[in-house]
Amino acid sequence: MVKTIHILNGPNLNLLGKREPEIYGHETLADVESACAAVAAERGHAVRLFQSNHEGEIVEQIHRARDEAAAIVINPAAYTHTSVAILDALNAFEGPVIEVHISNVHKREAFRHHSYVSLRADGVIAGCGVEGYALAIRRVCSLIG
Ligand code: CA2
């Protein structure tokens, strides 16, 4: 049975590939979606990618994932470090959750070292560039079978 993996992205990630390439690289979210779809397809699964600049919309997308997704790959962007609401929503999701950060947040400012989402995530990938998303898809495919 084809299972769907939701890839959720937080604020400003719509600018991926368009600004600050020295930190976030040259690839866009559309490139991320294609790369992830290819990895998921190898295992007979599908992906859907979402991005929002609004915390409540991300919370609602996590609620929808309860019915629509077997797993979540999430880069909450700046909300990683601030959002108890996103943590609470993820706690109500039953499947695997992998947290992705494009940059190595631990090499950056101290305020990026804490993640609320890591309290729920089954795995965390940071500092692997946008390849981190495909690595996360590979991992959730192993977990969902
Ligand atoms: O490294 C990551 O993936 C982050 O989640 C990215 C967030 C940052 O607040 C986190 O600490 C680490 C920022 C996303 C901003 O995305 C942009 C992409 C291209 C150009 C400008 C911003």
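If you look the protein chain up in an unreviewed UniProt entry, it shows as 3-dehydroquinate dehydratase from Rhodovulum euryhalinum. Recorded in UniProt under Pathway (unreviewed entry), the annotation for the protein chain is "Metabolic intermediate biosynthesis; chorismate biosynthesis; chorismate from D-erythrose 4-phosphate and phosphoenolpyruvate: step 3/7." Recorded in UniProt under Function (unreviewed entry), the annotation for the protein chain is "Catalyzes a trans-dehydration via an enolate intermediate."

Enquirer: So, the side chain of Ser52: which residues are in play, and what are the values?
Expert: Here Ser52 shows up in the loop between strand 2 (46-51) and helix 3 (55-68). Residues contacting Ser52, with those up to four places away along its chain left out, are Asn9, Gly10, Pro11, Glu57 and Ile58.

Enquirer: Lay out the UniProt feature "binding site: substrate" (unreviewed entry) in the protein chain with the relevant residues and their values.
Expert: Under the feature "binding site: substrate" (unreviewed entry), the UniProt entry names Asn75, His81, Asp88, Ile102, Ser103 and Arg112. Spanning 38 residues, the annotated positions stay apart in the fold, the maximum distance between their C-alpha atoms being 24.4 Å. As for the largest pocket, its lining draws on Asn75, His81, Ile102, Ser103 and Arg112 from among the annotated residues. Locating Ile102 in the fold gives a position in the loop between strand 4 (97-101) and strand 5 (123-126). For Ile102, a relative accessible area of 5% gives the class buried. The residues touching Ile102, leaving out its near neighbours within four places in the chain, are Leu13, Leu16, Ile23, Tyr24, Asn75, Gly127, Cys128, Gly129, Val130 and Tyr133. Relative to the assigned elements, Arg112 resides in the loop between strand 4 and strand 5. Judged by relative accessible area, Arg112 falls into the buried class, the value being 19%. Beyond its immediate stretch of four places on either side in the chain, Arg112 contacts His81 and Val105. Reaching out from Arg112, the side chain makes a polar contact with the side chain of Glu109 at a distance of 2.7 Å.

Conventions we followed
- Residues numbered from 1 in each chain as written.
- Predicted model: local features only at pLDDT ≥ 70, side-chain atom pairs only at ≥ 80, totals over all residues.
- Heavy atoms only, no water.
- UniProt positions renumbered as here; feature names shortened; annotations may be inferred.
- Helix = DSSP H or I, 4+ residues; strand = E, 2+ residues; numbered from the N terminus.
- Contact = heavy atoms within 4.5 Å.
- 1 Å grid on protein atoms, 1.4 Å probe; cavity = no way out; pocket = protein on both sides within 12 Å on 5 of 7 lines; lining within 4 Å.
- Buried < 20%, exposed > 50% of the residue type's maximum accessible area, 1.4 Å probe, protein only.
- Polar contact = N/O pair within 3.5 Å; in protein donor to acceptor, adjacent residues only side chain to side chain.

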